[in-house]
Amino acid sequence: MQTLANYIDGQLVAPQTGSYLENINPATGAVYSKIPDSNERDVDAAVTAAARAFPAWSGMPAEERSRYMMRVAQVIEEKLDAFAAAECDDNGKPLWLARTVDIPRAVKNLRFFATAILHTRSDLHETDGQALNYTLRRPRGVAGLISPWNLPLYLFTWKIAPAIATGNTAVGKPSEVTPMTAHLLAEACVEADLPPGVLNIVHGTGVGAGAPLVAHPNVPTISFTGGTVTGREIARTAAPMFKKYSLELGGKNPNIVFADADFDKALNESVRAAFANQGQICLCGSRLFVERSIYDRFVEQFVAAAKAMTVGDPRAADTKVGALVSKAQYNKVLSYIQLARDEGGTILCGGGRPDDLPERCRDGYFISPTVITGLDHLCRVNQEEIFGPVVSIMPFDSDDSVIEMANSTPYGLSASIWTQNLMRAHRVAEQLAAGTVWINCWLLRDLRVPFGGVKQSGVGREGGDEALRFFTEPKNVCVAK
Ligand code: NAD
């Protein structure tokens, strides 16, 4: 069984506690590696190494930082198969998905920010003939980066790349549920000769390693992606310390299909939006609103498509829906399906474990794509984030009524609209409370655009220039003429 290590000051090291957590493959339910159960002493060692590396790294020409990052990206790309297999075994997602989406996107994150820093602009404001103001942007020091389990390497590199590209050094805390690709990333950094201390990775639980990182006095910047409850806890620690923080949190995203939509495209993409990555993407369209005149036909075909999805071994090429990430997540999703029954919903398909799983997956955490109808938009199932292969479909009668229902949750991460009416598309998009609105598409990502949510989906924005600004501090220099 493999024993993972922390990555501190350029070295792969054991946790100072000497204790380890079990890492479980969710497709089999079996323990397959051991993860450092780090504590505040490991975090402190990592922060100390990062602080020591900061002057040289931040003072290095951007071109050189860029070259290091491009080398790390190159190593990951060369080991694509190993990374994809690790992500599949850790997370339960289909291997083909990790291989074609998650890992290539992680490589893209590194390359995007490694090259973005070669093309930045500076601001200059002239004050009516009296002065010139120019704005310098400087890295903030050691960044604390905490990521979740659903898109492990993608979201980890989404934070690491802009942080170190702009000259910060970093301490990353990947999810203890999916640590394997972070461990491979550490090995890739060693192979790419990334200077010691620029990136440090401390494994462990949220309470054991995440909380001390957030509370560390020498970590002025915190970038967190995860659940809303954890985000609240992090803000409680970081705000009184006047840290700069960004919180990317949960979602309960509406997917709105108007009668004038391209029916087949809306149907196929809505199925993908509901069940991709077992429904464990913060951007999944878990509330599906369909205009009443096409509702029956749409629901019938949606259910047929959901039933046709192969649920099975994530390693198999024809698997569309793999395992949920953990037993806890599996039980949580099942409890929401039961709640849907209790709230008067009708389960049109799925609703539990498939009965034709292969032998290897007998003890894994699988739930068939589940479609629920008949629930009020204000019931708990339609208000709370389930984060599994479960979608609730509701009919609507007018633009205004669907906008009201769509905006009725405490979340506001993303939304999708399917219509061929251009005016309606723009009007509805403007009125939806969401950080991202997709029109006639879903999960189309451009790394340059601001990314984040409103309401309880988060604070701050990541992506492109927003990330470059987040990880740097502006300083105005006023020069009298
Ligand atoms: P989580 O909040 O349980 O954990 C996320 C990370 O925070 C983990 O690394 C965990 O160890 C750490 N953590 C837990 N408690 C902590 C504490 N007190 N202090 C510091 N760190 C702590 O989230 P999860 O279950 O791993 O991920 C699923 C959630 O993430 C869902 O709610 C999903 O919507 C959200 N998510 C949001 C986005 C986005 O961009 N908005 C993207 C992906 C996932």
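Residues numbered from 1 in each chain as written. Predicted model: local features only at pLDDT ≥ 70, side-chain atom pairs only at ≥ 80, totals over all residues. Heavy atoms only, no water.

Overview of helix α1 (residues 40-59)
Moving on, step 1. For α1, built from 20 residues, the straight-helix expectation of 28 Å at 1.5 Å per residue is met to within 8% by its first-to-last C-alpha distance of 29 Å.
Moving on, step 2. Of all the bends in α1, the greatest reaches close to 40 degrees and is centred on Ala53; the proline Pro55 follows between one and four positions later.
Moving on, step 3. In this structure Asn39 caps α1, since a side-chain oxygen of it lies 2.9 Å from the backbone nitrogen of Arg41. (Helix = DSSP H or I, 4+ residues; strand = E, 2+ residues; numbered from the N terminus. Expected span 1.5 Å × (residues − 1). Bend = angle between axes of the 7 residues up to and from the residue. Polar contact = N/O pair within 3.5 Å; in protein donor to acceptor, adjacent residues only side chain to side chain.)

A look at the packing of aromatic side chains
Moving on, step 1. The tally for this structure, following the rule as stated, stands at 12 aromatic pairs.
Moving on, step 2. Aromatic side chains Tyr330 and Tyr365 sit 6.1 Å apart centroid to centroid with 40 degrees between the ring planes, which places their arrangement in the tilted category. Of the two residues, Tyr330 sits in helix α11 (residues 327-342) while Tyr365 sits in the loop between β15 (346-349) and β16 (370-373), which places them 35 residues apart along the sequence.
Moving on, step 3. The exposure class assigned to Tyr330 is buried, which follows from its relative accessible area of 12%.
Moving on, step 4. One residue, Arg105, lies across the ring of Tyr154, its end atom 5.8 Å from the ring centre. (Phe/Tyr/Trp six-rings, centres within 6.5 Å; stacked < 30°, edge-to-face > 60°. Buried < 20%, exposed > 50% of the residue type's maximum accessible area, 1.4 Å probe, protein only. Lys NZ or Arg CZ within 6 Å of the ring centre and 35° of its normal.)

Brief notes about the site of the ligand
Moving on, step 1. For the ligand, the set of nearby residues contains 30 residues, the closest of which are Lys173, Glu176, Thr230, Leu249 and Glu385.
Moving on, step 2. A distance of 2.8 Å is found between an oxygen atom of the ligand and a side-chain nitrogen or oxygen belonging to Trp149.
Moving on, step 3. Here the ligand has 850 Å² of accessible area as a free molecule, and 88% of this is covered by the chains.
Moving on, step 4. Two domains each put at least three residues into the shell around the ligand: domain 1 (2-249 + 457-480) and domain 2 (254-446). (Near = heavy atom within 4 Å. Areas by Shrake-Rupley, 256 points an atom, 1.4 Å probe, with all protein chains shown as cover. Domains from an automatic or database assignment.)

Some remarks on the domain arrangement of the protein
Moving on, step 1. Here the domain parsing of the protein yields domain 1 (2-249 + 457-480) and domain 2 (254-446).
Moving on, step 2. Summarising the inter-unit geometry, the C-alpha centres of domain 1 and domain 2 are found 30 Å apart.
Moving on, step 3. At the junction of the two partners, domain 1 supplies 29 residues and domain 2 supplies 30 residues.
Moving on, step 4. Across the domain 1/domain 2 interface, buried area totals approximately 2,300 Å², and carbon plus sulfur atoms make up 54% of it.
Moving on, step 5. Considering only the side of domain 1, the residues that lose the most area to domain 2 are Ala27, Trp149 and Ser457, jointly responsible for 23% of the buried surface there.
Moving on, step 6. Counting every contact that joins domain 1 to domain 2 gives one salt bridge. (Contact = heavy atoms within 4.5 Å. Buried area = accessible area lost by both parts, 1.4 Å probe. Salt bridge = Lys/Arg side-chain N within 4 Å of Asp/Glu carboxyl O.)

Observations concerning the side chain of Arg445
Moving on, step 1. With respect to the helices, strands and loops of the structure, Arg445 is situated in the loop between β19 (436-439) and β20 (458-459).
Moving on, step 2. Of the buried charged residues, Arg445 lacks a salt bridge, with Asp446 as the closest side chain of opposite charge at 7.2 Å. (Lys, Arg positive; Asp, Glu negative; His and termini not counted.)

Re the packing of helix α3 (residues 80-91) against helix α4 (residues 95-116)
Moving on, step 1. Following both chains from N to C, one finds α3 and α4 inclined at 115 degrees, their axes separated by 8 Å at the closest point. Put simply, α3 runs roughly perpendicular to α4. At the point where α3 passes α4, the crossing takes the right-handed sense. Contacts between α3 and α4 involve Leu80, Asp81, Phe83, Ala84, Ala85, Glu87 and Cys88 from the former and Leu95, Ala98, Arg99, Asp102, Ile103 and Pro104 from the latter.
Moving on, step 2. Partitioned by chemical class, the residues of the contact of α3 with α4 number nine nonpolar, no polar and four charged. (Axes fitted to C-alpha atoms, helices over the stretch in contact; angles between N-to-C directions. Parallel < 35°, antiparallel > 145°, perpendicular 65-115°, else oblique. Left-handed = near helix turned anticlockwise from the far one by under 90°. Nonpolar A, V, L, I, M, F, W, Y, C, P; charged D, E, K, R; others polar.)

Quick notes on the sheet that holds strand β5 (residues 30-36)
Moving on, step 1. The three strands lie next to each other as β1-β5-β4, forming an open sheet whose pairing is mixed. The open sheet has two free edges, formed respectively by β1 (2-3) and β4 (20-25), since each of these has just one partner strand.
Moving on, step 2. Here six bridges tie β4 to β5, and the two strands are oriented antiparallel to one another. The residue bridging Leu21 from the neighbouring strand is Ile35, located in β5.
Moving on, step 3. Lying over the sheet, α3 contacts β4 and β5, oriented at roughly 95 degrees with respect to β4. (Pairing = 2+ DSSP bridges.)

Points about the state of the cysteines
Moving on, step 1. A complete count under the given rule lists zero disulfides for this structure.
Moving on, step 2. Looking at Cys361, it has no disulfide partner, and the nearest cysteine sulfur is the one in Cys88, 9.4 Å off.
Moving on, step 3. Its relative accessible area of 0% is what places Cys361 among the buried residues. (Disulfide = S-S within 2.5 Å.)

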